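Single-letter residue listing:
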Amino acid sequence: MPVICQYCRRDMQRTKSCDEFIIGSNDGKDFHPIPFGKETRFDDYNPVFSDTCPDCGVRFGGFHHPGCDWEECPICHEQIISCYCHEEGE
Ligand SMILES: [Zn+2]
Ligand SMILES: [Zn+2]
Ligand SMILES: [Zn+2]
């Protein structure tokens, strides 16, 4: 059973990257999503991973599928699914 991303409509187990969805902050600014491997919240250690995101499966350097628990918020640099500084997607 393929798992299809609701946003890019790709098979999440096969695709290298989601589309780049601009993240709107609550004060109206646009931020670019942080690709897998560019997270800054991990700068105190270097996790050794395979080259795919452990949660959503994109390749190193690809954009996470929305809802991935690895994706970092470009505004506060916390986990994007647990912060409130961006608008909820329509
Ligand atoms: Zn996607
Ligand atoms: Zn991911
Ligand atoms: Zn945030």
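You'll find the structure just up there.
A quick note: this is a predicted structure, and the numbers were derived from the prediction, not measured.

## Digging into the coordination of the zinc ion (ligand 2)
Right, so step 1: Looking at the zinc ion (ligand 2), the protein donor atoms are Cys 53 (SG), Cys 56 (SG), His 64 (ND1) and Cys 68 (SG), and they sit 2.0 to 2.3 Å from it.
Right, so step 2: Because the angles between the four donor atoms bound to the zinc ion (ligand 2) fall within 102 to 115°, the donor set is best described as tetrahedral.
Right, so step 3: Mapping the donors of the zinc ion (ligand 2) onto the primary sequence gives the spacing C-x2-C-x7-H-x3-C. Note on accessibility: Cys 56 and His 64 belong to one class, buried.

## Brief notes about the coordination of the zinc ion (ligand 1)
Right, so step 1: Only Cys 5 (SG), Cys 8 (SG), Cys 18 (SG) and His 65 (ND1) from the protein reach the zinc ion (ligand 1) as donors, at distances of 1.9 to 2.4 Å.
Right, so step 2: Every donor residue of the zinc ion (ligand 1) comes from the same chain, spaced as C-x2-C-x9-C-x46-H. Of the two residues, Cys 18 sits in the segment before strand S1 (23-24) while His 65 sits in the segment after strand S2 (30-31), which places them 47 residues apart along the sequence. Across this residue pair, the class does not change: Cys 18 and His 65 are buried.

## Side note on the environment of Gly 67
Right, so step 1: Tracing the backbone through its elements, the reader meets Gly 67 in the segment after S2.
Right, so step 2: For Gly 67, a relative accessible area of 53% gives the class exposed.
Right, so step 3: The residues touching Gly 67, leaving out its near neighbours within four places in the chain, are Asp 55 and Ile 81.

## With respect to the side chain of Glu 39
Right, so step 1: Tracing the backbone through its elements, the reader meets Glu 39 in the segment after S2.
Right, so step 2: Classification of Glu 39 as buried rests on a relative accessible area of 11%.
Right, so step 3: Side-chain polar atoms of Glu 39 contact the backbone nitrogen of Gly 37, separated by 2.8 Å.
Right, so step 4: Of the polar contacts made by the side chain of Glu 39, one reaches the side chain of His 64; its length is 3.0 Å.
Right, so step 5: Not counting chain neighbours up to four residues away, the residues in contact with Glu 39 comprise Ile 34, His 64, Trp 70 and Glu 72.

## Side note on the environment of His 77
Right, so step 1: Note that His 77 resides in the segment after S2.
Right, so step 2: Of the residues examined, His 77 reaches a relative accessible area of 29% and is grouped as partly exposed.
Right, so step 3: When the C-alpha positions of His 77 and Thr 40 are compared, they lie 6.9 Å apart, and in sequence the two are 37 residues distant.
Right, so step 4: Only 3.0 Å separates the side chain of His 77 from the side chain of Thr 40, close enough to count as a polar contact.

## Here we look at the nonpolar core
Considering soluble globular proteins, one finds that nonpolar side chains tend to be buried as a cluster.
Right, so step 1: Phe 36, Cys 53, Cys 56, Val 58, Cys 68 and Trp 70 together form the largest nonpolar core, which totals six residues.
Right, so step 2: When residues no more than four places from it in sequence are discounted, the contact partners of Cys 56 are Met 12, His 64, His 65 and Cys 68.
Right, so step 3: Of all hydrophobic cores here, the second largest spans five residues; its members include Cys 73, Ile 80, Cys 83 and Cys 85.

Cut-offs and rules
Along each chain, residue indices are assigned from 1 in the same order as the chain's sequence is written. Each chain takes a letter, starting from A, and each ligand takes a number, starting from 1, following the order in which they are written. The predicted origin of the model limits local features to residues at a pLDDT of at least 70 and limits the giving and counting of side-chain atom pairs to 80 or more, whereas totals for whole chains, interfaces and linings rest on all residues. Processing note: side-chain calculations cover all non-hydrogen atoms of the structure and skip hydrogens and water entirely. A donor here means an N, O or S atom no more than 2.8 Å from the metal, or no more than 3.2 Å when the metal is Na, K or Ca. Since water is not included, a site may seem to lack partners. Just to be clear on the cut-offs, tetrahedral is four donors with all angles between 85 and 135 degrees, square planar is four donors and octahedral six with opposite donors over 155 degrees apart and all others between 65 and 115, and anything else goes down as irregular. For each residue, the accessible area found with a 1.4 Å probe, counting protein chains only, is set against the maximum for its type, and the residue is called buried under 20%, exposed over 50%, and partly exposed in between. Only DSSP runs of H or I reaching four residues or more are called helices, and only runs of E reaching two or more are called strands; each is numbered from the N terminus. In this analysis, two residues are considered to be in contact whenever any of their non-hydrogen atoms come within 4.5 Å of each other. Within 3.5 Å is the distance limit for a polar contact, defined as a pair of N or O atoms, with the added protein rule that one can donate a hydrogen and the other accept it, and that residues adjacent in sequence qualify only through two side-chain atoms. By nonpolar core is meant a set of buried Ala, Val, Leu, Ile, Met, Phe, Trp, Tyr and Cys residues that side-chain atoms within 4.5 Å join together.

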